[in-house]
Amino acid sequence: MILQAKNLDLSYGKKIVVKDVNIEINRGEIVTIIGPNGSGKSTVIKALSRYLKPQKGQVLLENKNIFSLKTKEVAQKVAVLPQMKNVPEDFSVETLVGYGRYPHLGFRQRFSQEDYQIIKWALKKTDLLQFKERQLNNLSGGEKQRAWIAMCLAQKPEVLILDEPTTFLDISYQLELLDLIKELNESMGLTIIMVLHDINQAARYSHKLYAIKDGCVHSSGRPQDLLNEDFLKDVYKIEADVFQDNKHSCPYFIPLKKVN
Amino acid sequence: MIAGKPATRRLTRLNMNKGMKIMNVQQLVEKNKSWNLSRDFAKKLLILSGLLAFSFLAFLISIGQGSLDLSFKEVLRCIFLEHDTLNHRIIWNVRLPRTLVAGLVGICLSLSGSILQGVLRNPLAAPNIIGVSSGAGFMAFVIFILFPEYYHIVPLGAFLGAFISTILIYVLAWKDGAHPMRLILAGVAVSALLGAGINSLMIFYPEKISGIIGFMVGGLSARTWPHFKVLLPYASLGIGMALLFPHKLNILALGDEIATGLGLNVEKTRMMFIVIASLLAASAVSVVGLLGFVGLIVPHTARLIIGSDYRYLFPATAILGAGVVMICDTIARMIFDPVEIPVGIIMALLGAPFFLYLLRERRQG
Ligand SMILES: Nc1ncnc2c1ncn2[C@@H]1O[C@H](COP(=O)(O)OP(=O)(O)O)[C@@H](O)[C@H]1O
Ligand SMILES: [Mg+2]
């Protein structure tokens, strides 16, 4: 197990929004967190990435309490692309991706030859080599998102955490991004934890799903075990027909109507 | 197609197949791109050199102009070659220290503003948002009115007032971390409170106002070597930090979550920068009074000119800040000669319209 959340309670100020959450992530898995809006997915992600300190419970990275590690030590192993981020409009793609090397730099903060190699590799992986000198504000939404992912890749992490990486992208970019994520997982054994809104995409691209509802883990498991009519009714309050996609050997569903 | 001598071209055509053609085009593109990169870098270097030239010119003008007019050549000769002429003494004892103080004050205040605009992610942040002006002003007033026999410690009091109110604001804004928005709100609140304090003192002691007005507006008259020595360590601190840590501010600009994800200790970094910003501004204010406007306008202008990458923004801000205060002080000395007007007034009169002009240009472009 590479990352584990044990009995997490998370809160903003006094308001507890996540209660007693347990999550286990094995090395090399793609794990997707799904659930309705406001159910606490991003909050859980923030705790897993050491941004939000839990009220109770622990997050363990390779069996060590993540808050007993230094920010930098964690950053050498875990890269995170949050939902909320600032885009300094006039940074070039290369500058942004270069900051992925930050956790590995010494006090003098100079790039070595190896750092340059890694930055180039990250740009290549995300197909951004020809954009590297472009300013971020001259990129399309999909390209911009790829630039952020390239920054995470330049961190050379073992775990990549992504909060709704496909939101605001049109469908072709969504697929492109998910295929990239899958490819990274398969070729490098990168462990992926992400939040997705599209349940069908989650089912198709993940080894394991965690469904969060009202700040608690509702259920978890392999997509084919989890995704069924009752599950959708329970978590999302919708009636749906669930089918088997034999080509990708995963379930998919067609929503019918909202139920109360 | 690649260009070249006819013979080479023929050879290429002979050997040409699809793969080769693609490779050649790629090489061409590659070449073009590296040229682009160096063009961006060159552009920024050019801007920096331009700013440096402006500041150096401001320095020479500031020293040369006055009741005794000297040419640039004479100025340089007086500083470096002559030793016991009258000109040398005037320049060495009066003008040079005053000009240098102006330059350092410019550096301190504008670097302070630049840091705060980055740390608080707000283009309108300036030293007064972390209570520097109100804190310094309040303490100066209290000393001046209640302990007039200690008038000479006003600079020290102003310095402490500025720094303590920053700490107070920081503590008030803290709640699982010092969020930029809470810092700004706490800053506004504390400043309003101290401002009310200043106003009540003015009402109860109206006869003392004229004595303190110079401090409130900010001016450089009769500033000389001891003032320079007060400022120098802080300005050096600011410049050193600007050289060492531009990456930290760049990363902070990506947002707290990203910055944490990249291994930056956000709260520690933010606190360090706020303390540095406060020290920079407090040292300047303690020497020249409440010269607030520089810390807002110079960093913002520098950002409009050179972009928001702190690797270039820091040097640009420092150089521009030094030049602007030196030139404004020269104008303040000259315009109604022999009467001097406080440099703060000139700064606002010239700075505000220029600033508005820049903003309008930007929006159209
Ligand atoms: N910074 C915050 N401060 C206070 N409450 C928040 C904050 N962020 C999220 N919340 C609240 O926490 C709950 C869970 O939010 P979130 O984790 O963002 O949900 P999701 O990502 O599943 O849509 C929501 O009720 C939201 O209003
Ligand atoms: Mg969310």
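Residues numbered from 1 in each chain as written. Chains lettered and ligands numbered in written order. Predicted model: local features only at pLDDT ≥ 70, side-chain atom pairs only at ≥ 80, totals over all residues. Heavy atoms only, no water.

Asks: Could you give me a rundown of the interface of chain A and chain B, with the residues and numbers involved?
Replies: Of the residues lining the interface, 32 residues belong to chain A; the matching set on chain B comes to 26 residues. Along the contact surface separating chain A from chain B lie zero salt bridges. Remark: the boundary between chain A and chain B carries six residue pairs in polar contact (both at pLDDT 80 or more). When residues of the side of chain A that touches chain B are traced back to their parent elements, those giving at least two are helix 2 (71-77), strand 6 (78-81), helix 3 (93-98) and helix 5 (141-154) of chain A. (Contact = heavy atoms within 4.5 Å. Salt bridge = Lys/Arg side-chain N within 4 Å of Asp/Glu carboxyl O. Polar contact = N/O pair within 3.5 Å; in protein donor to acceptor, adjacent residues only side chain to side chain. Helix = DSSP H or I, 4+ residues; strand = E, 2+ residues; numbered from the N terminus.)

Asks: Talk me through the site of ligand 1; I want residue IDs and the actual numbers.
Replies: Residues and elements named next belong to chain A. Near ligand 1, the surroundings consist of Tyr 12, Lys 15, Val 17, Pro 36, Asn 37, Gly 38, Ser 39, Gly 40, Lys 41, Ser 42 and Thr 43. Tyr 12 places a polar side-chain atom, nitrogen or oxygen, 3.5 Å from a nitrogen atom of ligand 1. Across the complex, the protein chains shield 61% of the 560 Å² of accessible surface that ligand 1 would expose by itself. If you list the elements that add at least two residues to the shell around ligand 1, you get strand 2 (15-25) and helix 1 (41-48). Among the elements that line the shell around ligand 1, the one with the most residues is helix 1, at three residues. In terms of residue class, the shell around ligand 1 is made up of three nonpolar, six polar and two charged. (Near = heavy atom within 4 Å. Areas by Shrake-Rupley, 256 points an atom, 1.4 Å probe, with all protein chains shown as cover. Nonpolar A, V, L, I, M, F, W, Y, C, P; charged D, E, K, R; others polar.)

Asks: Give a detailed account of the side chain of Asp 256 of chain B, specifying residues and quantitative values.
Replies: All names here are of chain B. Turning to its location among the elements, Asp 256 is positioned in helix 11 (residues 256-261). Using a relative accessible area of 11% as the deciding quantity, one classes Asp 256 as buried. Only 2.5 Å separates the side chain of Asp 256 from the side chain of Arg 121, close enough to count as a polar contact. (Buried < 20%, exposed > 50% of the residue type's maximum accessible area, 1.4 Å probe, protein only.)

Asks: Describe the coordination of the magnesium ion (ligand 2), with residues and values.
Replies: Metal coordination angles in their ideal form are 109.5 degrees for the four-donor tetrahedron and 90 or 180 degrees for the six-donor octahedron. Looking at the magnesium ion (ligand 2), the protein donor atoms are Ser 42 of chain A (OG) and Gln 83 of chain A (OE1), and they sit 2.0 to 2.4 Å from it. Of this pair, Ser 42 of chain A sits in helix 1 while Gln 83 of chain A sits in the loop between strand 6 and helix 3, and the two are 41 residues apart along the sequence. (Donors = N, O, S within 2.8 Å, 3.2 Å for Na, K, Ca; no water.)

Asks: Can you explain the sheet that holds strand 5 (residues 64-65) of chain A? Please cite residues and give values.
Replies: All names here are of chain A. Read across the sheet, four strands follow the order 2-1-4-5 without closing on themselves; strand pairing throughout is antiparallel. Bordering the open sheet on either side are strand 2 and strand 5, each of which pairs with just one other strand. Where strand 1 (residues 3-12) lies against strand 4 (residues 56-61), five bridges are found, and the strand directions are antiparallel. Note that in strand 4 the partner of Lys 6 across the bridge is Gln 58. The strands that helix 1 touches are strand 1, strand 2 and strand 4; relative to strand 1, the one it contacts most, it runs at about 120°. (Pairing = 2+ DSSP bridges. Axes fitted to C-alpha atoms, helices over the stretch in contact; angles between N-to-C directions.)

Asks: Report on the domain arrangement of chain A, specifying residues and quantitative values.
Replies: Residue and element names in this part refer to chain A. Assigned domains of chain A: these are domain 1 (3-77 + 158-258) and domain 2 (85-156). One C-alpha centre belongs to domain 1, the other to domain 2; they are set 25 Å apart. In this assembly, 18 residues from domain 1 lie in contact with 17 residues from domain 2. Taken together, the two surfaces of domain 1 and domain 2 that pack against each other cover about 1400 Å², and 65% of this comes from carbon and sulfur. Among the residues of domain 1 in contact with domain 2, Lys 72, Gln 76 and Leu 180 are the three that bury the most area, contributing 30% of the side total. At the boundary of domain 1 and domain 2, one finds two salt bridges. Between Lys 125 and Glu 183 there is a salt bridge whose closest N-O contact spans 3.4 Å. Applying the counting criterion to the domain 1 and domain 2 interface returns five residue pairs in polar contact (both at pLDDT 80 or more). Elements with a minimum of two residues in the side of domain 1 that touches domain 2: helix 2, strand 7 (159-163) and helix 6 (171-188). In terms of residue count, the dominant contributor to the side of domain 1 that touches domain 2 is helix 6 (eight residues). (Domains from an automatic or database assignment. Buried area = accessible area lost by both parts, 1.4 Å probe.)

Asks: Please provide a residue-by-residue account of the pairing of strand 3 (residues 30-34) of chain A, values included.
Replies: Residue and element names in this part refer to chain A. A large share of strand 3 lies buried, amounting to five of its five residues. Where strand 3 meets strand 8 (residues 191-195), four bridges bridge the pair, whose relative direction is parallel. Paired with Thr 32 across the strands is Met 194, a residue of strand 8. Sheet analysis places strand 3 next to strand 9 (residues 208-213), joined by four bridges and oriented parallel.

Asks: Outline the packing of aromatic side chains, supporting the account with residue identities and numerical values.
Replies: Within the structure shown, the criterion is met by 11 aromatic pairs over all chains. Taking the centre distance of 5.4 Å and the plane angle of 80° together, the rings of Phe 111 of chain A and Tyr 116 of chain A count as edge-to-face. You can call Phe 111 of chain A partly exposed: its relative accessible area is 31%. Seen in terms of ring centroids, Phe 159 of chain B and Tyr 234 of chain B are 5.4 Å apart; in terms of plane orientation they differ by 45°. Their pairing is tilted. With Phe 159 of chain B in helix 6 (residues 154-173) and Tyr 234 of chain B in helix 9 (residues 225-244), the pair connects residues that are 75 residues apart, well separated along the chain. Chaining the aromatic ring pairs together yields one cluster made of Trp 92, Trp 225 and Phe 228 of chain B. The aromatic ring of Tyr 102 of chain A is capped on one face by Lys 72 of chain A, whose charged end is 5.0 Å from the ring centroid. We note Lys 156 of chain A situated over the ring of Trp 121 of chain A; from NZ or CZ to the ring centre the distance is 4.3 Å. (Phe/Tyr/Trp six-rings, centres within 6.5 Å; stacked < 30°, edge-to-face > 60°. Lys NZ or Arg CZ within 6 Å of the ring centre and 35° of its normal.)

Asks: I'd love a proper account of unusual backbone geometry, names of residues and values included.
Replies: Positive phi is not limited to glycine here, since Phe 168 of chain A has a value of about 75°. A relative accessible area of 81% places Phe 168 of chain A in the exposed class. Of note, the phi angle at Arg 121 of chain B is positive, near 50°, even though the residue is not glycine. Looking at the secondary structure, you find Arg 121 of chain B in the loop between helix 4 (86-119) and helix 5 (132-146).

Asks: Before we move on, can you summarise the domain arrangement of chain B with the specific residues and values?
Replies: Residues and elements named next belong to chain B. When its domains are assigned, chain B resolves into domain 1 (125-216 + 232-286) and domain 2 (292-365). On a C-alpha basis, the centroid separation for the pair domain 1 and domain 2 is 20 Å. Taken residue by residue, the interface counts nine residues in domain 1 and seven residues in domain 2. Between domain 1 and domain 2 lies a buried interface of about 730 Å² when both sides are counted; carbon and sulfur atoms form 75% of it. Among the residues domain 1 hides against domain 2, the three largest losses belong to Pro 246, Leu 249 and Asn 250. Together they make up 45% of the total. One can count zero salt bridges joining domain 1 with domain 2. Counting across the interface, domain 1 meets domain 2 through two residue pairs in polar contact (both at pLDDT 80 or more).

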